[in-house]
Structures are given as structure tokens and as C-alpha cells.
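# Tertiary structure, described
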Amino acid sequence: MSVLPIVTYEDQILREKAKPVKNNSKELQKLIDDMFDTMYNADGVGLAAPQIGKAWRIFVADASPFYEEDENAPGPLVLINPAITLESDKTITIEEGCLSIPDIRGAVTRPENVVVEYKDRNLKKQKRNVNGPLARVIQHETDHLNGILFIDHLSYFKQKLLSAKLKALTEGANQVNYPVVAK
Ligand code: NI
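Description of the structure in this document. Given the structure is predicted, the values throughout are model-derived calculations rather than measurements.

### Side note on the pairing of strand E2 (residues 58–61)
Side chains Ile58 and Val60 project from E2 onto one buried face, and the interleaved Phe59 and Ala61 project onto a second face that is buried too. Both strand E1 (residues 46–48) and E2 contribute to a ladder of three bridges, which runs antiparallel. Within E2, the residue paired with Gly46 across the bridge is Ala61.

Dropping the structure here:
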């Protein structure tokens, strides 16, 4: 298992629509293990395959840090070919960040609860009704598979405010304490 370098903002792969995973394989299982290693190493709660340079519809998530001592904490999850099939009308605004956009955060409004259908790491069909922090992580990561970043959800005004920071990031000036793909 290995920690892989994370692709950062303005890399074209983050803007691509990722391709569905069709078959299980050794390569797929290794990719999943490497994605968990990479996510935990960067203290992340979610990581999508395009973020390590692979345009496949797969992400890993572990929202445990948001649940602290809660015994209902969802734990590590692998979602392959995920589809959000139901969104609550009720929305909630939460500050988000992204391992591909280090040092930048912004408040994003999204549905509070969602139903997600996906395949687990054995390619077995699953369906979950999710709420709380995990619902947020799942929506953020599903966006990654469609070439969407959380900053796209911010107002034009807020994006303008962040533009200098984003430019610095493009030039590689932001400090990160995990491996990233060199510019
Ligand atoms: Ni992200």
C-alpha cells in the first residue's frame, strides 16, 4: 500500500467526468487501498480517484473525525459508481475544504440528507440513506467524479475574493503537509 501524490487545482483531470468502473481487479483493490492510505495521510475525510490522477468513478470516505465518540459513526466506506438518487428539500450550509485545493475553505449550501446508490469494494450493490457530515462528504466526492469542485458552488463574489489565493495555489505557493503532484 502506498501514499500517492494528490492532484491540485487547475489540473485538467479534476474537471473531467470520470468513467464507470466495470470489473473488479487486483488493480482496483490496490487503488482502493492506496486511496485510503493517501486520504488518511493527508488527514482527509474523503478522496476521489481523479484526485490521485485516475478518472474512475470511485471514492473513499471516512467521516469519523466528525462523529468523535459516537458509536454510530459510519467508518471507512468505498463507493464505486455512486449515484445520488434522492436529495432532501431541506438544505444546510457548511464550510468545506478539499485536499486538491489546500488552504482554501468556503461555506457551501447543499441538501441535508441524500440517498446514494453505489457498489462497495466487492462490487456488491448498496443503497444508503445518509445524513449529517457523511451526507456532506458524499456530495462533495460525487461532485469530484463529475468534474465539479466545491468552489464552483460559491457565489461569484466569494470566488472573486478567493481568486488571489487560487492563483497562488496554481503557482504552487500554498503550503501542504502531504505529497502533491508537482506543477
Ligand atoms: Ni475535494
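### Comments concerning helix H4 (residues 156–170)
Taken as a whole, H4 carries its principal kink of about 50° at Ser163. When H4 is considered as a whole, its buried residues turn out to be Leu162, Leu166 and Leu169. Gly172 sits one or two residues past H4 and shows a positive phi near 80°.

### What about the pattern of salt bridges?
Tallied over the full model, the rule gives 11 salt bridges. Note that Glu27 and Lys54 form a salt bridge whose closest N and O atoms lie 2.9 Å from each other. Here Lys54 lies in the loop between E1 and E2 and Glu27 lies in helix H1 (residues 26–41), a separation of 27 residues in the sequence. You can call Glu27 partly exposed: its relative accessible area is 45%. Each of Glu96, Arg110, Arg136 and Asp143 takes part in one network of salt bridges that share partners.

### A few points about the sheet that holds E2
The five strands are arranged E1-E2-E3-E6-E7 in an open sheet whose pairing can be described as antiparallel. Each having just a single partner strand, E1 and strand E7 (125–130) make up the two edges of the open sheet. Direction aside, neighbouring strands of the sheet carry axes that sit 40° apart on average. Where H1 meets the sheet, its contacts fall on E1, E2 and strand E3 (77–87), and the angle it forms with E2 comes to roughly 40°.

Rules used throughout
- Residues numbered from 1 in each chain as written.
- Predicted model: local features only at pLDDT ≥ 70, side-chain atom pairs only at ≥ 80, totals over all residues.
- Heavy atoms only, no water.
- Buried < 20%, exposed > 50% of the residue type's maximum accessible area, 1.4 Å probe, protein only.
- Helix = DSSP H or I, 4+ residues; strand = E, 2+ residues; numbered from the N terminus.
- Pairing = 2+ DSSP bridges.
- Bend = angle between axes of the 7 residues up to and from the residue.
- Salt bridge = Lys/Arg side-chain N within 4 Å of Asp/Glu carboxyl O.
- Axes fitted to C-alpha atoms, helices over the stretch in contact; angles between N-to-C directions.
- Contact = heavy atoms within 4.5 Å.

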